[in-house]
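Chain and residue survey
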Amino acid sequence: MNKWKKNMMAAAVLLVVCFGIYMNWMYTNSEDVADLTDVLDAETVLSENGVIMDGGSSNTDANVGTDYFAAVRLSRQEARDSAVNLLQEAMAYGDSTQQQQSSAQLEKIVQTGLCEAQIESLIIAKGYADCVAYMSDTGISVAVASPEGGMQNTDVAVIADIVLTQTDLTIDQIHVVEVT
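The rules behind the values
- Residues numbered from 1 in each chain as written.
- Predicted model: local features only at pLDDT ≥ 70, side-chain atom pairs only at ≥ 80, totals over all residues.
- Heavy atoms only, no water.
- Helix = DSSP H or I, 4+ residues; strand = E, 2+ residues; numbered from the N terminus.
- Buried < 20%, exposed > 50% of the residue type's maximum accessible area, 1.4 Å probe, protein only.
- Contact = heavy atoms within 4.5 Å.
- Areas by Shrake-Rupley, 256 points an atom, 1.4 Å probe, with all protein chains shown as cover.
- Core = buried A, V, L, I, M, F, W, Y, C linked by side-chain atoms within 4.5 Å.
- Phe/Tyr/Trp six-rings, centres within 6.5 Å; stacked < 30°, edge-to-face > 60°.
- pLDDT = per-residue confidence, 0-100.
- Expected span 1.5 Å × (residues − 1).
- Polar contact = N/O pair within 3.5 Å; in protein donor to acceptor, adjacent residues only side chain to side chain.
- Pairing = 2+ DSSP bridges.
- Right-handed = clockwise from strand over helix to strand, strands pointing away.

What follows concerns the overall build of the protein. Tallying secondary structure elements over the protein gives 4 helices and 5 strands in all. For the protein, the sequential pattern of α-helices and β-strands runs α-β-β-α-α-β-β-α-β. Across the 180 residues that make up the protein, the buried fraction comes to 34%. A fraction of 62% describes how many contacts in the protein between residues 6 or more apart in sequence connect residues 24 or more apart. For the protein, the computed accessible surface area is about 10800 Å², with 55% contributed by carbon and sulfur atoms.

And the structure:
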């Protein structure tokens, strides 16, 4: 009977983790919250190599860009913190199989976070004012503050090169979004 309770508790925790991830996905895809690929009314430019660059209209408020980056980072961190807490609970109360699964999921979250941080740091080191990267199972979206004169194909190439060197993704899985 005690083992049954442990299994039910672990299953419930995993269910809550999955629900949290689903709700985060729904929240980030809602109309009220900016999605990395739908940041602005944008005209999409697709280059020969498959990298997508979105260019948008200018905003009059200079803080919109920095507020956007801060909001996306905060949202991403809150979702990860919630998932990590639930996985840690599953590891503490689950059986060895559930502990291994939770540990693998936790490791994936940590690796994804580190990779995103490295990509963001390298892009900023290349002279861009700010950026935020979001990796998913299907690819990566990188929102970059618009450089002076707007985003050019060479800018997209630099960003794509950074992503390609830091990940195992292919060029068609990279989406670059210009935030103006």
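Relative to the helices and strands, S103 is located in helix α3 (residues 96-125). The exposure class assigned to S103 is partly exposed, which follows from its relative accessible area of 33%. With 16 residues separating them along the chain, S103 and L87 place their C-alpha atoms 7.5 Å apart.

All right, on to the nonpolar core then. Formed by 19 residues in total, the largest nonpolar core has its most connected members in I119, I123, I140, V142, V144 and I159. Elements with a contribution of two residues or more to this core: α3, β3 (131-136), β4 (139-145), α4 (153-166) and β5 (174-179). Looking at this core element by element, the count peaks at 5 residues for α4. Aside from chain neighbours lying at most four places away, what touches I119 is A133, I140, I162, V163, Q166 and T167. With 8 residues, the next largest nonpolar core counts V132, A143, A145 and V177 among its residues.

Two aromatic rings, taken as a pair, are described by how far apart their centres are and by the angle between their planes. Inspection of the entire model under this criterion finds 1 aromatic pair. With a centroid separation of 5.4 Å and an interplanar angle of 70°, the aromatic rings of Y68 and F69 are classed as edge-to-face. Overall, F69 belongs to the buried group, its relative accessible area being 1%.

Turning our eyes to something else, we now look at the confidence of the model for the protein. Across the protein, the average pLDDT comes to 77, with 73% of residues at or above 70. Contacts from residues 53-62, a stretch scored under 50 in pLDDT, to residues over four places away or in other chains number 31 contacts.

Now for α3. Its 30 residues place the ends of α3 43 Å apart at the C-alpha level, agreeing with the 44 Å of an ideal helix rising 1.5 Å per residue. Within α3 the residues assigned to the buried category are Q98, S102, L106, I109, T112, C115, E116, I119, E120 and I123. For α3, the N-terminal capping position is held by D95, with its side-chain oxygen 3.2 Å away from the main-chain nitrogen of T97.

A separate point is the pairing of β5. Among the 6 residues of β5, 5 are classified as buried, and the element is accordingly described as predominantly covered. Both β4 and β5 contribute to a ladder of 6 bridges, which runs parallel. Bridge assignment links A145 to a residue of β5, and that residue is V179. This β-α-β element, β4 to α4 to β5, shows right-handed connectivity.

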